[in-house]
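A closer look at the structure
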Amino acid sequence: MRVLRPAAVLLCLLLASCAPRQVRPPGALRKVVVVVGSRVDALPTFTYRQDMMGEGNPRSVLVSQAQATLGERGFEVVGTRISQSPSPTIHEVVAMIDDNAAEAGVVVVLNWVDVTSAQLMGRAEVLLETGVVGPNGKLRWNNSTRTVSTIGMYQAQTDLRSYLRKAVVEAIQAIP
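Residues numbered from 1 in each chain as written. Predicted model: local features only at pLDDT ≥ 70, side-chain atom pairs only at ≥ 80, totals over all residues. Heavy atoms only, no water.

Turning our attention to the overall build of the chain. Helix and strand counts for the chain come out as 7 helices and 5 strands. Secondary structure elements of the chain occur, N-terminal to C-terminal, as α-β-α-α-β-α-β-α-β-β-α-α. Counting the 176 residues in the chain, one finds 43% classified as buried. Considering only intrachain contacts with a sequence separation of at least 6, the fraction spanning at least 24 residues in the chain is 66%. About 9,800 Å² of surface is accessible on the chain, with carbon and sulfur atoms providing 58% of the total. (Helix = DSSP H or I, 4+ residues; strand = E, 2+ residues; numbered from the N terminus. Buried < 20%, exposed > 50% of the residue type's maximum accessible area, 1.4 Å probe, protein only. Contact = heavy atoms within 4.5 Å. Areas by Shrake-Rupley, 256 points an atom, 1.4 Å probe, with all protein chains shown as cover.)

So, about the nonpolar core. One broad trend across soluble globular proteins is that nonpolar side chains are buried collectively. Core analysis: the biggest nonpolar cluster contains 31 residues, and Leu 70, Leu 110 and Leu 128 have the highest contact counts within it. Going through the elements one at a time, strand E1 (31-38), helix H3 (58-72), strand E3 (104-114), strand E4 (123-133) and helix H7 (162-173) are the ones with two or more residues in this core. Among the elements that make up this core, the one with the highest residue count is H7 (6 residues). Setting aside chain neighbours within four positions, we find Leu 70 in contact with Val 32, Val 34, Phe 75, Val 77, Val 106, Ile 172 and Ile 175. Counting residues in hydrophobic clusters, the runner-up holds 9 residues, among them Val 33, Val 93, Met 96 and Ile 97. (Core = buried A, V, L, I, M, F, W, Y, C linked by side-chain atoms within 4.5 Å.)

Enumeration according to the criterion identifies 2 salt bridges in this entry. A salt bridge links Glu 92 to Arg 81; its shortest N-O distance comes to 2.7 Å. One end of the pair, Glu 92, is in helix H4 (residues 90-99); the other, Arg 81, is in strand E2 (residues 76-82), with 11 residues separating them in the sequence. Among the ionic pairs, Arg 146 bridges to Glu 125, the shortest N-O distance being 2.6 Å. Highlighted residues: Arg 146 in strand E5 (residues 139-150) and Glu 125 in strand E4, separated in sequence by 21 residues. According to the relative accessible area criterion, Arg 146 is exposed, its value standing at 52%. (Salt bridge = Lys/Arg side-chain N within 4 Å of Asp/Glu carboxyl O.)

Positive phi is not limited to glycine here, since Ala 101 has a value of about 50°. Tracing the backbone through its elements, the reader meets Ala 101 in the loop between H4 and E3. The exposure class of Ala 101 is exposed, given its relative accessible area of 53%.

Glancing now at the layout of surface pockets. Computed from the structure, the largest pocket encloses a volume of approximately 210 Å³. If you trace the largest pocket, you find 14 residues lining it, with Ser 87, Val 107, Val 109, Glu 129 and Leu 139 closest to the centre. At the level of secondary structure, the elements contributing two or more residues to the lining of the largest pocket comprise H4, E3, E4 and E5. Ranked by the residues each element gives to the lining of the largest pocket, the list is headed by E4, at 4 residues. Of the residues belonging to the lining of the largest pocket, the class tally is 7 nonpolar, 5 polar and 2 charged. (1 Å grid on protein atoms, 1.4 Å probe; cavity = no way out; pocket = protein on both sides within 12 Å on 5 of 7 lines; lining within 4 Å. Points joined across faces, edges and corners; volume = space filled by probe spheres on them. Nonpolar A, V, L, I, M, F, W, Y, C, P; charged D, E, K, R; others polar.)

Here H3 is 15 residues long and its end C-alpha atoms lie 21 Å apart, about the 21 Å a rise of 1.5 Å per residue gives. Within H3, burial applies to Pro 58, Arg 59, Val 61, Leu 62, Val 63, Gln 65, Ala 66, Thr 69, Leu 70 and Gly 71. Packed against the buried residues of H3 are E1, E2, E3, E4 and H7. Just downstream of H3 lies Gly 74, where phi reads positive at about 100°. (Expected span 1.5 Å × (residues − 1).)

These values are about where atoms sit, not about what they do.
As structure tokens, this is what we get:
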């Protein structure tokens with residue numbers, strides 16, 4: 001029976017990975033670009049590996065997770081950009097939309113992170129601002145989300161960025 005357990009786990013993972021992506025309804029946005037910014041320069045790191053590997057950069061986590069989550073929701077992400085400024089400018093977003101022939105730009109800005117209780121209680125708070133900008137530069141939609149994540153103690157010590165990924169997924173799920 002123990003031999004069948006790994007096979008059953010692999011079968012479940014295979015079936016889950018083959019699940020169909022969501023399909024966008026007719027008339028909804030499909031082709032988007034992702035532009036991220038962060039008012040937080042570096043995520044707190046607690047291990048030598050995180051310090052040496054540069055895993056404290058929140059912008060790289062934001063752009064990769066936003067792109068993956070939008071893809072799962074049926075959006076076609078045709079370009080990404082990491083803004084060097086804390087908040088991307090409208091001109092920067094419109095230029096990305098024009099350069100990539102996209103229908104809109106999804107902007108994700110990390111405003112605040114509190115992980116003071118992550119090591120002791122496994123709790124992290126993230127404040128994200130998400131918006132959708134049209135090709136004419138007008139804001140179509142925006143939302144501010146405050147996510148409180150509970151992460152396991154092992155995860156808090158080895159992969160502290162998981163709370164940020166959870167917050168991005170929650171923020172992107174709110175986009176109409």
